[in-house]
Amino acid sequence: SQTIHQWPATLVQPVGSPLSLECTVEGTSNPNLYWYRQAAGRGLQLLFYSVGIGQISSEVPQNLSASRPQDRQFILSSKKLLLSDSGFYLCAWSKDRMAFFGQGTRLTVV
Amino acid sequence: RKEVEQDPGPFNVPEGATVAFNCTYSNSASQSFFWYRQDCRKEPKLLMSVYSSGNEDGRFTAQLNRASQYISLLIRDSKLSDSATYLCVGHGSSNTGKLIFGQGTTLQVKP
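This report concerns the structure included in the present document. (Residues numbered from 1 in each chain as written. Chains lettered and ligands numbered in written order. Predicted model: local features only at pLDDT ≥ 70, side-chain atom pairs only at ≥ 80, totals over all residues. Heavy atoms only, no water.)

## Some details on the overall build of chain B
- Along chain B, the regular secondary structure elements total zero helices and 11 strands.
- Taking 111 residues into account, the globule formula puts the C-alpha radius of gyration at 13 Å, and chain B, at 13 Å, falls close to it.
- Expressed as lengths along the three principal axes of its C-alpha atoms, the size of chain B is roughly 45 × 30 × 20 Å.
- Counting the 111 residues in chain B, one finds 47% classified as buried.
- Taking contacts inside chain B between residues at least 6 apart in sequence as the whole, the part at least 24 apart equals 56%.
- Carbon together with sulfur atoms contributes 47% to the accessible area of chain B, which is approximately 5,200 Å² in total. (Helix = DSSP H or I, 4+ residues; strand = E, 2+ residues; numbered from the N terminus. Rg over C-alpha atoms; globule rule 2.2 N^0.38 Å. Buried < 20%, exposed > 50% of the residue type's maximum accessible area, 1.4 Å probe, protein only. Contact = heavy atoms within 4.5 Å. Areas by Shrake-Rupley, 256 points an atom, 1.4 Å probe, with all protein chains shown as cover.)

## Focus: the pairing of strand 2 (residues 10-13) of chain A
Residues and elements named next belong to chain A.
- Of the two faces of strand 2, only the one carrying Leu11 and Gln13 is buried; Thr10 and Val12 on the other face are not.
- Across four bridges, the pairing between strand 2 and strand 11 (residues 105-109) is parallel. The residue of strand 11 that forms the bridge with Val12 is Thr108. (Pairing = 2+ DSSP bridges.)

## Some words on the nonpolar core
- If you look at the biggest cluster of nonpolar residues, it comprises 39 residues, and the most contacted ones within it are A:Tyr36, B:Trp35, B:Ile71 and B:Tyr86.
- Examining the composition of this core, we find that five residues originate from one element, strand 9 (residues 84-91) of chain B, more than from any other. (Core = buried A, V, L, I, M, F, W, Y, C linked by side-chain atoms within 4.5 Å.)

## Structural notes on the sheet that holds strand 7 (residues 64-70) of chain A
Residues and elements named next belong to chain A.
- Spatially, the four strands line up as an open sheet ordered 1-3-8-7, and their pairing is antiparallel. The open sheet has two edge strands with one neighbour each: strand 1 (3-7) and strand 7. Adjacent strand axes in the sheet meet at a mean angle of 15°, parallel and antiparallel pairs treated alike.
- In the sheet, strand 7 pairs with strand 8 (residues 73-78) via five bridges, with the strands oriented antiparallel. Counterpart to Ser65 in the pairing with strand 8 is Ser77. (Axes fitted to C-alpha atoms, helices over the stretch in contact; angles between N-to-C directions.)

## Considering unusual backbone geometry
- Omega for the bond connecting A:Trp7 with A:Pro8 falls within 30 degrees of zero, at -5°, which places this linkage in the cis form.
- Its location among the elements puts A:Pro8 in the loop between strand 1 and strand 2.
- Omega for the bond connecting B:Gly9 with B:Pro10 falls within 30 degrees of zero, at 10°, which places this linkage in the cis form.
- Among the secondary structure elements, B:Pro10 is positioned in the loop between strand 1 (4-6) and strand 2 (11-14).
- Backbone geometry at B:Gln69 places phi at a positive 55°, although glycine is not the residue there.
- With respect to the helices, strands and loops of the structure, B:Gln69 is situated in the loop between strand 7 (60-65) and strand 8 (70-75).

## Focus: the sheet that holds strand 1 of chain B
Residues and elements named next belong to chain B.
- Taken together, five strands build an open sheet; the order of strands is 1-3-8-7-6 and the sheet is antiparallel. Strand pairing shows two members of the sheet lacking a second neighbour, strand 1 and strand 6 (55-57), which therefore form its edges. Geometrically, the sheet is characterised by an average inter-axis angle of 15° between neighbouring strands, direction not taken into account.
- In terms of strand pairing, strand 7 meets strand 8 through six bridges, oriented antiparallel. Considered in strand 8, the bridge of Leu64 is made with Ile71.

## Section: the state of the cysteines
- A complete count under the given rule lists two disulfides over all chains for this structure.
- Between the sulfur of A:Cys23 and that of A:Cys91 lies a disulfide, 1.9 Å long from S to S. Its torsion about the S-S bond being -75°, the disulfide of A:Cys23 and A:Cys91 is classed as left-handed. One end of the pair, A:Cys23, is in strand 3 (residues 19-26); the other, A:Cys91, is in strand 9 (residues 87-95), with 68 residues separating them in the sequence.
- Here B:Cys23 connects covalently by a disulfide to B:Cys88, the sulfurs 1.8 Å from one another. Given an S-S torsion of about 55°, the disulfide between B:Cys23 and B:Cys88 has right-handed geometry. Taken together, the residues B:Cys23 in strand 3 (residues 19-25) and B:Cys88 in strand 9 connect sequence positions 65 residues apart.
- For B:Cys88, a relative accessible area of 0% gives the class buried.
- Left without a disulfide partner, B:Cys40 is nearest to the cysteine sulfur of B:Cys88, which lies 20 Å away.
- You can call B:Cys40 exposed: its relative accessible area is 69%. (Disulfide = S-S within 2.5 Å.)

What follows is the structure, encoded as structure tokens:
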């Protein structure tokens, strides 16, 4: 069966510090991978999606970046966090269009 | 116009009520739609797929109306445990596998 791992679950980072969130998928090959962000009380905002290794589509211009160094690994990064980067970050994978989510990382930038 | 739009609610209903949510989409070429449920501070979880012929799973019925470009979710005999945010998802206009979620509709079922 397929599983998705996302870590850490919670993170508190100072403004201006770097960020690296990692997501890995098991039990499938060549999935579509996604990073979403959800601000408190708001909907899911698609940040990046990837249909293959090294193929990243960015949806929102901002100080975040994503990379897919391996087929089932998706990394979200920032060189310098802003207060506005606080939120609930969700990684997801899909095949046949149904998406399945990791448990999310709750990021607080202070 | 947003690619997928939902009424955020909240919908406050008594136990046992029937409640329906609609979600409109702008990409007429979209093929697949789904409903997700998200509990507070948790990740969204797949609730059910949406087919043109309608899809029923217990108290839940999902329907796709291609002519009017909307999908619906009907919940019968609401339970307290149905309280959550319900998200619909469709494809982005480029139809390259990008999944776009609506902002979600919040349901509160009261005793």
